[in-house]
Number of protein chains: 2
Amino acid sequence: MKVAELSRRTGVPVPTIKYYIREGLVPRGAATSHNQAEYDEQHVQRLRLIRALIEIGGLSVAATRDILGQVDGADEGVDALLGHTMGSIVRTRQTRDDEVWKAAGSWVDEQIRRRGWRPHADYPARVALVDVVAAFHDLGQERLLEVFDVYADAAEQVAEADLEQLAWPDSLEGVVETAVVGTVLGEALFSSLRHLAHGAASGRYFPRDIGS
Amino acid sequence: MKVAELSRRTGVPVPTIKYYIREGLVPRGAATSHNQAEYDEQHVQRLRLIRALIEIGGLSVAATRDILGQVDGADEGVDALLGHTMGSIVRTRQTRDDEVWKAAGSWVDEQIRRRGWRPHADYPARVALVDVVAAFHDLGQERLLEVFDVYADAAEQVAEADLEQLAWPDSLEGVVETAVVGTVLGEALFSSLRHLAHGAASGRYFPRDIGS
């Protein structure tokens, strides 16, 4: 198909498709003349994946390229690949080295040990968790961490269901693409469900006439 | 305190503080001369809140300003305020009107009805959920939606714990600030815990020698 048809099928504007090709997120089509190329179903699938990662998952173009590189270069064991994929998805940020952050790190490691998880110290999700815990302390909202065990139990249930889905027999590339989709869209899925459940629960906790 | 001390206490660079003041995210200090102002603990708290929303929550400056406006203008009932706050936090995006999206909408409404949730049709989290479900279909990954009930159960547990924390007696402004912190940081908390739980579970599902 021509690029106009590819655009129509995927909802991605032609200039954006050309940008993704230049940036290496989408492979070039087969050249049919000096300024035309032919695209196929693989291009459709790739563009839909990119759209989901960027629009629904909120990933940057750079993070999307990193993750697609892992989908394409699936030459490691699945466990290592999943670790790298998750590492690219977790938002990295400047970490700190002050007392609040160190205390948060010790507290997090105690919870991780209690749960029997075994991440290494610079595992991105561990660092992200320390950042969050430190932020609760910075804001004087550390009592909100009383929800920690409820959250961790819920995260374990969700992760178990995710991995069961992944364990279906499939090609290694298929497993990695499924892991990417499940990790990124699963986060958006949980986020919207949590907001809906908040809305449903808040009417019970805060009847309309209180506070007005 | 002077702006340099405010910067040291919060980790926010002076030019960034000035930018937030110009953009209306932080109130001006009390002028002490034509080019100096005095800041207090409220400024410290506000800057720490902004930093958490932007750095940990990944919110834009514009979304942060909207949310702070709700913290400041806490003149509605708590239930309505929480609804607005959550609405600002959910990433809004272009929605679609094709067959996949309509079918996703019907499916989502059936799940919502089954759960006894009662959002109106343009409730942001409902729209976000339809977007996610449609994306799973676009990608040919609709079987991943088999995890839906596990996710929804987990979201209900987490939302219940969140609301219990909020129901502590406090000022209306305090409730709203706590809701903002809990909603935004709670999402980052769950995300990092889910990634840690994935890492812990993937070693069980995918022993290192498979796929290599």
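Definitions and limits used
Residues numbered from 1 in each chain as written. Chains lettered and ligands numbered in written order. Predicted model: local features only at pLDDT ≥ 70, side-chain atom pairs only at ≥ 80, totals over all residues. Heavy atoms only, no water. Helix = DSSP H or I, 4+ residues; strand = E, 2+ residues; numbered from the N terminus. Pairing = 2+ DSSP bridges. Least-squares fit on C-alpha atoms with pLDDT ≥ 70 in both. Buried < 20%, exposed > 50% of the residue type's maximum accessible area, 1.4 Å probe, protein only. Polar contact = N/O pair within 3.5 Å; in protein donor to acceptor, adjacent residues only side chain to side chain. Contact = heavy atoms within 4.5 Å. Axes fitted to C-alpha atoms, helices over the stretch in contact; angles between N-to-C directions. Parallel < 35°, antiparallel > 145°, perpendicular 65-115°, else oblique. Left-handed = near helix turned anticlockwise from the far one by under 90°. Nonpolar A, V, L, I, M, F, W, Y, C, P; charged D, E, K, R; others polar.

Comments concerning the environment of histidine 195 of chain A
- Among the secondary structure elements, histidine 195 of chain A is positioned in helix α9 (residues 172–205).
- Spatially, the C-alpha atom of histidine 195 of chain A lies 49 Å from that of threonine 32 of chain A, the residues being 163 residues apart in sequence.

Section: the pairing of strand β1 (residues 30–33) of chain B
Residues and elements named next belong to chain B.
- As paired elements, β1 and strand β2 (residues 36–38) share three bridges and run antiparallel to each other. Looking at β2, one finds that alanine 30 is bridged to glutamate 38.
- What sits between the antiparallel neighbours β1 and β2 is a turn of two residues.

Considering the relation of the copies chain A and chain B
- For these two chains of identical sequence, chain A goes onto chain B by a turn of 180° and a shift of 0.0 Å along the axis, with RMSD 0.0 Å. The operation mapping one copy onto its partner corresponds to a two-fold rotation axis. Of every C-alpha in chain A, the one belonging to alanine 154 of chain A sits nearest the axis of rotation, 2.4 Å from it.

Comments concerning the side chain of serine 7 of chain B
Residue and element names in this part refer to chain B.
- As for its placement among the helices and strands, serine 7 is situated in helix α1 (residues 3–10).
- Note on serine 7: relative accessible area 14%, which makes it buried.
- Polar contacts involving the side chain of serine 7 include one to the main-chain carbonyl oxygen of valine 12, which spans 2.8 Å.
- Once residues within four sequence positions are removed from consideration, serine 7 is found in contact with Val12, Pro13, Val14 and Ile17.

Things to note about the packing of helix α1 (residues 3–10) of chain A against helix α3 (residues 41–56) of chain A
Residues and elements named next belong to chain A.
- The contact between α1 and α3 brings their axes to 10 Å, and the two run at 45°. By the angle class used here, α1 and α3 are oblique. Between α1 and α3 the crossing geometry is right-handed. Facing Leu6, Arg9 and Thr10 of α1, the residues of α3 in contact are Glu41, His43, Val44, Leu47, Arg48 and Arg51.
- Counted by class, the contact of α1 with α3 contains three nonpolar, two polar and four charged residues.

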